[in-house]
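Structure at a glance
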Amino acid sequence: MIKTERILHLKSCRGRKVRVVREHYLRERVPCYSSLCQAGCENDGKVLPGDLTHYVIPDAGVSGDYLEILEFRELQGIIFTQTSCQGVQHSKGRRQYKRLRNLLKDPRHDCVPFANEFQEYSYCPREKGESQEKWQTRCVYSAAVWYYNHLAGMMDVVMITEDQEAVAQYSSLNSGVYVISVQDYLRNFCPELQVAHDLYSSISQALQEKESEGMEREYTEHLPGELLEAGIKSGRYIQGTLNVSKHRAHSEASIMTDGLSNKNTDQSWGVLVCGGKNRNRAVHGDQVVVELLPKSEWRGKDNTLAEGQGEEKSGEESGSKPMPTGRVMGILQRNWRDYVVTFPPREGPPPQTRNTQRILAVPWDHRIPKIRISTQQADALQDHRVVVRIDSWESTSLYPNGHSVRVLGKAGELETEIQTILIENCIHVPPFSDAQLKEMPVNSAEKPWRMDPAQVAERRDLRESHLVFSIDPKGCEDVDDTLSVRSLAGGKLLELGVHIADVTHFVPEGSLTDLEARSRATTYYLADRRYDMLPGVLSADLCSLLGGVDRYAMSVMWELDAETLVVNKVWFGRSLIRSSYQLHYELAQALLDGEQAEVPELAELGSEEKDSKLAQLTQALEMLTHVARHLRAQRDRGGALELEGVEVRAQLDKDKNITALVPRQPLEEFFSQLVESATAGGFTIDTSTNKALADSLDQAVDPQDPMVNRLLRIMATTAMSQAVYFSTGLQSLDQFYHYGLALDRYTHFTSPIRRYADIVVHRLLTAAITLDRGVDPGKALASNKELEETAHHINNKNRAAQQAQKISTELFQCLYFKERDPQSDQSCVADAVIYSIRDNGVLVFISEYGVKGPVYLRNREGQVVAVGPGGQLLFDHISVRISVRSTNCHADTLTLEVTSNRPLLSAGPQQPRSQGRSQLVQEVVRLAEEAAQEKASRKPKVSKEEREFSQSKTPNLYSLLEEIRELALLDLEGGAQVCETTA
């Protein structure tokens, strides 16, 4: 080891230049992470293969500016030097540096790090007067030469740089070490990777335009980090997340401070930011620092229904109380991601030559500003959805600069809109790779899967001793949980078992399949399809607990007192099961009711044996029902709600016993609409505790209109925040409680096929069982910090999944009504119930189509919604006409217009809602299939892009409709339950 010195020129928090001298140690042996290494390097982890034609070493500039090209899996053998990584961290910020680190950690990508600044023969001290960029380039070239010599010339090394002087200086110095530009590298080594060529052109144009921007400022400069931090500490500034209003994106945003308070606000939940100038180039989701404006400039949130992007009213004009209002002084962390934009139609004649044009593309998300894109394909991409990324937003530009990544397709087409929904919600679900599928077991007619004898010996075998069965919706193909129940000790005890598919046996931690499952975190259910978290051989086969086949399971067995149902003991462990019956809900209910029902598994048996087994099954169902009713009554007494969870604090008595669970959020803010609406309808809603809320909702019933209670429950659900995952080691005990379920501890366990959280729980449970036996689990468990990061990631993906499901439902609603004439088609007129009042309109719910939306007080003919005969407006039924407001740039929206202040009088009995929704989806898919067939019969307008970037095919109609029926999209109460079980 050699000791040297490294001189750093830094800036203090007060802006003074400081010269720092640090000891720097060089080593002869530093891991090279190459399978060709003959020098005995300690290459732990992934290594580069030896069967490539060359290794690639990008310099610091390329690593920062062209990272998304280097992320293509087709590019193999990439070495990121320590110099380049540090250059990305200093020049591109924490977000880009974290992205690079994740790329290096991901075993699916063929790239490795190299600590060149600690390697004795590749280290280059910075020379006096040498610029940072020149020194970094020299360091990377020195690392390239070291690699070639270290591997004894067995592998050529290509250094890629955009510095033309470096290409001229280094390209001919050493044989076997080549120095070329990114464009030349793609042209010579990746000619077939057209998407990378297009991406290079977009990035290059964006970088050139950034250098040639004018100097006239449109916004104030952001303050440096040290001043922002000092202002936050002193209380002058407030930090938080910018949340732009969906309906007033151009005028209203708020800073959610995540509980951070400020001595100038008397509030800790938000600061209003009005207007683009005050927003100062921050976009939705950015971590920002704001300064409060004088109180005379504070404004109130508008309580009117927004139509389009109208002008904003001040707090005094709208009647709402002024709230703290501020302006953005700086940005701590950007939230830039992939955005879907639309290239608007050209005004005027097209240009005669194909030159680069600068286009203001309109994002699909109203909350994102227009993005300036340079492209030579502007005419071909008109009215097309394109994925873009923001590169910069200088103070001299009204709009951010970006570059295009890929083309999705023509706006308005079903597949294009579905892919837009996925991208806008940061959902990435490519087909499972060959490498991932190779990790999967095989189960085919030629090679059927069989249990491992070692597993059979280790697990508790329940196949002959227990009656195991499943109860699922009719037509369910993936069964992830089964049940068992039996009497013990002459009927004095009951043994209740829950058996879950043992997914963790097939998905080892750290495997490629596990990494992909963690990345997805959940199965994504859209209105017409789903994207599984795990490959089909698991989710639909070996981890589906189908009837009559042997399966691995994770089991929980409770021993209960048969009279009191008190739990005596519990057993957790891995088991072997064989489900005897695969029941659906209607069949199970028929057996409980004593009705004649045909059980498919018993159809071939003789009458005596059939009657015996049927009696055994019915008795098991009756015992389960008895236990379930008892547990349900216990939960109801504790105040369980059919709602989502909410963060709470526990009220304790002097003996530290819990007396009530109280929401932490200020109830005045979140439950005010529920309480006010109920009061207007003559009901009283008590939100002081979970039990009080449950009881008052049960009593808020209108015998003449069951829709009233349903709407109140929907409003209560909307008012609450969603239950989230967390690591128990980082939270206090009073945070463990689940408000909606009235449980002191609650976690997910039963669906590891479609929830990664359940996989985590299974692994933790397995480790706990192993430790309880006094056996070393053999692998270190995840730390609290790691578990919290995993929980945070899963929470984000769950929210994305629910949002994508909601938007896809709205898409199908719009596509259904888009083909209908609202003036003549009777299906466009529906009965609606008023559930909230605004300054210029009301919010209504249409049960027939599951639609909620605004209705303005005055329609096109000037008619006004009038108060009903009872003297109230809330919960009144009115008739509305449904039409579609279409825009090429954004998602279509439904428009509701009053046709009568009386309920809609149907000509006949109302059709069941689930059937109506199935017909809606069926009709939309039929139109989409016809459009796809017509499109296939003619040459597409931009055939190249649509051929290259097409993402998925139209699904099978039968499976599509079955999934829609299972999701029960029409029933909002059922929809809330679906979200809870599928999140």
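Above this text is the structure in question.
The following refers to the structure shown. For clarity, every value in this text was computed on a predicted model and none was experimentally measured.

By the secondary structure assignment, Arg385 is in strand β16 (residues 384-392). At 2.5 Å, the side chain of Arg385 and the backbone oxygen of Asn888 are in polar contact. A distance of 3.3 Å separates a polar side-chain atom of Arg385 from the backbone oxygen of Cys889.

What follows concerns the sheet that holds strand β18 (residues 460-461). Read from one edge of the open sheet, seven strands run β18-β25-β24-β21-β20-β19-β26, paired in mixed fashion. One side of each edge strand has no neighbouring strand; the edge strands of this open sheet are β18 and β26 (581-584). For β18 and strand β25 (residues 567-578), the ladder comprises two bridges, and the chain directions are parallel. Looking at the pairing, Arg460 lines up with Ser575 of β25. Across the sheet, helix α18 (residues 585-592) lies against β19 (468-472) and β26, angled at about 90° from β26, the strand it touches most.

When the charged atoms of two side chains with opposite charge come close together, those side chains can pair. In the structure shown here, the tally under the stated rule is 41 salt bridges. The shortest N-O distance in the salt bridge between Arg530 and Asp532 comes to 3.1 Å. Lys818 is the salt-bridge partner of Asp892, the closest N and O atoms lying 2.9 Å from each other. You can see Asp892 sitting in the loop between β32 (877-885) and β33 (893-900) and its partner Lys818 sitting in helix α25 (residues 784-818), a full 74 residues away along the chain. Look at Lys818 and you get partly exposed, because its relative accessible area is 36%. Connected via shared salt-bridge partners are Asp461, Arg463, Glu464, Asp550 and Arg578.

This paragraph deals with the packing of aromatic side chains. Following the criterion strictly, the structure yields 14 aromatic pairs and no others. Consider the rings of Trp449 and Tyr552, whose centres lie 5.4 Å apart with planes at 85°: the pair is edge-to-face. Placement of the pair is Trp449 in the loop between α13 (434-438) and α14 (453-458) and Tyr552 in strand β24 (residues 550-561), with a sequence separation of 103 residues. Accessibility expressed as a relative area gives 18% for Trp449, which makes it buried. Taking 5.0 Å as the distance between ring centres and 85° as the angle between the ring planes, the aromatic pair formed by Tyr816 and Phe817 counts as edge-to-face. Of the aromatic side chains, those joined through ring pairs into one cluster are Phe114, Trp146 and Tyr147. We note Arg520 situated over the ring of Phe432; from NZ or CZ to the ring centre the distance is 4.2 Å.

Moving on, we get to the sheet that holds strand β17 (residues 401-410). Taken in spatial order, the five strands of this closed barrel run β13-β14-β15-β17-β16, and their pairing is mixed. Within this sheet the neighbouring strands show an average axis-to-axis angle of 50°, counted without direction. Where strand β13 (residues 338-342) and β16 come together, five bridges link them in antiparallel fashion. The partner of Thr342 across the bridge, within β16, is Arg385. The strands that helix α12 (residues 414-424) touches are β13, β16 and β17; relative to β17, the one it contacts most, it runs at about 145°.

What counts and what doesn't
Residues numbered from 1 in each chain as written. Predicted model: local features only at pLDDT ≥ 70, side-chain atom pairs only at ≥ 80, totals over all residues. Heavy atoms only, no water. Helix = DSSP H or I, 4+ residues; strand = E, 2+ residues; numbered from the N terminus. Polar contact = N/O pair within 3.5 Å; in protein donor to acceptor, adjacent residues only side chain to side chain. Pairing = 2+ DSSP bridges. Contact = heavy atoms within 4.5 Å. Axes fitted to C-alpha atoms, helices over the stretch in contact; angles between N-to-C directions. Salt bridge = Lys/Arg side-chain N within 4 Å of Asp/Glu carboxyl O. Buried < 20%, exposed > 50% of the residue type's maximum accessible area, 1.4 Å probe, protein only. Phe/Tyr/Trp six-rings, centres within 6.5 Å; stacked < 30°, edge-to-face > 60°. Lys NZ or Arg CZ within 6 Å of the ring centre and 35° of its normal.

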